[in-house]
Amino acid sequence: MTAQPLPPLILASGSRYRRELLERLRLPFSVDVPDIDETPVPGETPHETSLRLSREKAQAVAIRHPGAVIIGSDQVATFEGRQIGKPGNFENAMTQLRDMRGKVVEFHSALCVHDARTGQSQATDVVTRVKFRDLPDDVLAAYLHAETPYDCAGSAKSEGLGIMLLETIENDDPTALIGLPLIALTTMLMQVGITLPGPGLNGATV
């Protein structure tokens, strides 16, 4: 019996971190960056924001690729009841790290797999609780200059030198904090007939 060809797999994200994570699965995929407004809706919880944006990203790309399986993801960091965005520069990152030292931050890493062939979606929110170490300003500044994590919510790359800033990490998937929960993703992909390892072993095609 001839195996059915896999549908095109598309990552709906411009994040290099998510691309690097998806490459671990050794599936051929392409990247199509969605153009959506990521502003939180007033009154929306972090859980709701991350799930909504992951779905909107996947569905926006699905319009352009009706025969594909689309992966959308979004991460929202929350601290003391407010959402934390990407710092963008050294000054904002220092403010974030000063505020968070010695305290717990929640990261909502939402994932949506949308099968454009059927119009069906699967979605989940993987929550990570991170406690930051109580470190002095000079250590925080040295870290920021060394790794420049200004495109990361929370101003720390747990997969890199930023691990030194963290005291504990609590979650069910170590890849969720980086930005793409691979345990949940592999389960969702198998539900739409994409088995691992796939026939293509060279990662991204675009």
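Here the structure is a predicted model, which means the values were calculated and not measured.

K.L.:
Explain the pattern of salt bridges to me, please; I cannot follow it from the model alone.
P.N.:
Any two side chains of opposite charge can pair, on the condition that their charged atoms come close. Tallied over the full model, the rule gives 15 salt bridges. We note a salt bridge from Arg-82 to Asp-99, for which the minimum N-O separation is 3.4 Å. A residue pair is termed long-range when its members are at least 10 positions apart, and Arg-82 in strand β4 (residues 82-84) and Asp-99 in helix α3 (residues 90-100) qualify at 17 residues. Judged by its relative accessible area of 40%, Arg-82 falls in the partly exposed class. Given the relative accessible area of 33%, Asp-99 is considered partly exposed.

K.L.:
Help me out: how do you make sense of unusual backbone geometry in this one?
P.N.:
Phi is mostly negative for residues that are not glycine, and the peptide bonds are mostly trans. One non-glycine residue with positive phi stands out, namely Arg-26, at about 55°. Along the chain, Arg-26 falls in the loop between α1 (16-23) and β2 (30-31). Its identity is not glycine, yet Ser-155 carries a phi of approximately 60°, on the positive side. The residue Ser-155 is located in the loop between α4 (137-147) and β7 (166-170) in this model. Residue Ser-155 is classed as buried on the basis of its relative accessible area of 0%.

K.L.:
Would you mind going over the pairing of strand β6 (residues 120-132) with me for this structure?
P.N.:
Each regular strand shows side chains that alternate between the opposite faces of the sheet. Two elements, strand β5 (residues 104-115) and β6, share twelve bridges in a ladder whose sense is antiparallel. Paired with His-108 across the strands is Val-127, a residue of β6. In textbook terms, the turn of a hairpin is the stretch between consecutive antiparallel strands, and for β5 and β6 this stretch comprises four residues, one of which, Gly-119, has a positive phi near 80°. The pairing of β6 with β7 spans four bridges and is antiparallel. Counted as the bridge partner of Phe-132 is Leu-166 from β7.

K.L.:
I would appreciate a short explanation of the packing of α3 against α4 in the present structure.
P.N.:
Between two packed helices, both the angle of their axes relative to each other and the distance between the axes serve to describe the pair. At a closest axis distance of 10 Å, the pairing of α3 and α4 adopts a crossing angle of 135°. Relative to α4, α3 is oriented oblique. Regarding α3 and α4, the two cross each other, and that crossing is right-handed. For the pair α3 and α4, contact is made by Phe-90, Ala-93, Met-94, Leu-97 and Arg-98 and by Asp-137, Leu-140, Ala-141, Tyr-143, Leu-144 and His-145, respectively.

K.L.:
Whenever I open this one, α3 confuses me. Can you help?
P.N.:
Residues that lie three or four places apart on an α-helix share one face, since the helix turns once every 3.6 residues. Along α3, the positions that sit buried rather than exposed are Ala-93, Met-94, Gln-96, Leu-97 and Met-100. When α3 is viewed along its axis, its buried side chains cluster within an angular range of 160° and face the same direction. As for α3, its buried residues are in contact with β3 (69-79), β4, β5, β6 and α4. Its side-chain oxygen at 3.2 Å from the backbone nitrogen of Glu-91, Asn-89 defines the N-terminal cap of α3. One or two positions beyond α3, positive phi appears at Gly-102, with a value near 75°.

What counts and how
- Residues numbered from 1 in each chain as written.
- Predicted model: local features only at pLDDT ≥ 70, side-chain atom pairs only at ≥ 80, totals over all residues.
- Heavy atoms only, no water.
- Salt bridge = Lys/Arg side-chain N within 4 Å of Asp/Glu carboxyl O.
- Helix = DSSP H or I, 4+ residues; strand = E, 2+ residues; numbered from the N terminus.
- Buried < 20%, exposed > 50% of the residue type's maximum accessible area, 1.4 Å probe, protein only.
- Pairing = 2+ DSSP bridges.
- Axes fitted to C-alpha atoms, helices over the stretch in contact; angles between N-to-C directions.
- Parallel < 35°, antiparallel > 145°, perpendicular 65-115°, else oblique.
- Left-handed = near helix turned anticlockwise from the far one by under 90°.
- Contact = heavy atoms within 4.5 Å.
- Arc of directions from axis to C-beta.
- Polar contact = N/O pair within 3.5 Å; in protein donor to acceptor, adjacent residues only side chain to side chain.

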